[in-house]
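Breakdown of the fold
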Amino acid sequence: MSVIGVDVGGTKIAAGRMAPDLTVHGAVVIPTPTGAMAIVDAIAGVVADLARESPDEVRGVGVGLPATIDAVTGLVAHSVQTGMTAFDAATPLRERMGVAVFLDNDATLAVLAEHRLGGARGTDDVVLLTLGTGVGGGVIIGGRVFRGGRGHGSELGHISVDGDGPPCQGGCPNRGCIEAMCSGTALTRQFRAFAGAEPGSALGRLHAAGRLDSRSGLALAREGDPDAIGILTVAGEWLGVAVTSLANTFDPDVILIGGGVSAAGELLLGPARAIYQARALPPTRRAPLRVAALGAEAGMVGAALMAHEGVES
Ligand SMILES: [Zn+2]
């Protein structure tokens, strides 16, 4: 008996089949189409392809969305990246695929995957931040996923670390959120602002060539460019302010950083760790801060695990 996990991102959809031994097979990545129903069609299509290749029956499908899912109504409450607002994604998916469908927030599924199979195995209390286009958050308390009263919980990316900071994005009315300081979008903005002020710098030349974004800026930092490293250092220090509050709040066993921006590694985590170790209350400095283990597959693996645990129960 297999299950299928689907992770819907702003730019791509990753899907794979999970065998009963929890190994993942046939993982595929397709571009995310525009519009809620087009996304439903794309999910149904990729699931049908994976189910055809499966040697055994597919019993359930788990879908992670960059969205909050209302635990009472089952509706996708709000998702800027997919254009879903108060959208019933579960019903059309269930009708088309004819199997049990489970929906959840993508970062919540990533922390589930890290807890069961990744960088937080064997721990009870985990905090995860996924630094991508936006910033997602996942929390495990006492071995169980925390979702809040109605499923909207653990939007850690919208914890503000600078009350007068830059405006947040994606319908968040707050300022200086982790997402506004440390996301890929925020890094792109910071790299480009520097490039505009210093056109003769390596960042400036990359910008003039129309190729400067968070990914190319990170690559420049890894090559040792001091300006790009300086921008990552400041972003890392803001991340450290956030991690300090998360450690003080949850007293976790481990704090994991995932998402595409985590490719910065110690260029980001080093400054973050220095702030965290200096500022967290002494008893809550115990959790290691490290890059998540499952990389870009965490959301898809978590979606499959949710379906696996859902059809078992
Ligand atoms: Zn925000």
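What follows is about the nonpolar core. Across soluble globular proteins, nonpolar side chains show a tendency to be buried alongside one another. The biggest cluster of nonpolar side chains holds 39 residues, and the ones touching the most others in it are L129, L239 and L268. Among the elements that line this core, the one with the most residues is helix α8 (residues 226-250), at 9 residues. Each residue touching L268, except ones within four places of it in the same chain, is listed here: L131, L232, A235, G236, L239 and V261.

Turning to its location among the elements, H115 is positioned in helix α3 (residues 106-117). A distance of 2.8 Å separates a polar atom in the side chain of H115 from the backbone oxygen of T123. Setting aside anything within four residues of it in sequence, one finds H115 in contact with A120, R121, G122, T123, D124, V126, I140 and G143.

Once that is clear, we can look at the domain arrangement of the protein. Entries for the protein in the domain assignment read domain 1 (2-111 + 296-312) and domain 2 (123-292). Relative to domain 2, the C-alpha centre of domain 1 lies at a distance of 26 Å. Each partner contributes residues to the interface: domain 1 has 16 residues there, and domain 2 has 18 residues. Of the roughly 1,200 Å² buried where domain 1 meets domain 2, counting both sides, 58% is carbon and sulfur surface. On the domain 1 side of the contact with domain 2, A107, T108 and V111 bury the most area, a combined 38% of that side's loss. Summed over the shared surface of domain 1 and domain 2, the result is 2 salt bridges. The partner of D104 in a salt bridge is R147, and the shortest N-O contact between them spans 2.6 Å. Put simply, domain 1 and domain 2 have 3 residue pairs in polar contact (both at pLDDT 80 or more) between them. The set of elements that each furnish at least two residues to the side of domain 1 that touches domain 2 consists of β5 (68-69), β6 (76-79), β8 (100-105) and α3. For the side of domain 1 that touches domain 2, the leading source of residues is α3, giving 4 residues.

Looking at the metal site, the zinc ion is ligated by H158 (ND1), C168 (SG), C172 (SG) and C177 (SG), spaced 2.0 to 2.4 Å from it. Every donor counted, the 4 donor atoms about the zinc ion form angles of 99 to 128 degrees at the centre, which fits tetrahedral coordination. Mapped onto the sequence, the residues coordinating the zinc ion show the spacing H-x9-C-x3-C-x4-C. With respect to class, C168 is no different from C172; both count as buried.

Spatial ordering of the open sheet is given by β3-β2-β1-β4-β8, a layout of 5 strands whose pairing is mixed. Taken across any chain shown, the strands that pair with only one partner, and hence form the sheet edges, are β3 (24-31) and β8. Within the sheet, the average angular offset between the axes of one strand and its neighbour, ignoring direction, is 15 degrees. Note: strand β2 (residues 12-18) against β3, 6 bridges, orientation antiparallel.

Spatially, the 3 strands line up as an open sheet ordered β5-β6-β7, and their pairing is antiparallel. Taken across any chain shown, the strands that pair with only one partner, and hence form the sheet edges, are β5 and β7 (84-87). Bridge count between β5 and β6: 2 bridges; the pairing is antiparallel. Across the sheet, residue I69 finds its bridge partner in β6, namely V76.

Calculation notes
Residues numbered from 1 in each chain as written. Predicted model: local features only at pLDDT ≥ 70, side-chain atom pairs only at ≥ 80, totals over all residues. Heavy atoms only, no water. Core = buried A, V, L, I, M, F, W, Y, C linked by side-chain atoms within 4.5 Å. Buried < 20%, exposed > 50% of the residue type's maximum accessible area, 1.4 Å probe, protein only. Helix = DSSP H or I, 4+ residues; strand = E, 2+ residues; numbered from the N terminus. Contact = heavy atoms within 4.5 Å. Polar contact = N/O pair within 3.5 Å; in protein donor to acceptor, adjacent residues only side chain to side chain. Domains from an automatic or database assignment. Buried area = accessible area lost by both parts, 1.4 Å probe. Salt bridge = Lys/Arg side-chain N within 4 Å of Asp/Glu carboxyl O. Donors = N, O, S within 2.8 Å, 3.2 Å for Na, K, Ca; no water. Tetrahedral: all angles 85-135°; square planar, octahedral: opposite > 155°, others 65-115°. Pairing = 2+ DSSP bridges. Axes fitted to C-alpha atoms, helices over the stretch in contact; angles between N-to-C directions.

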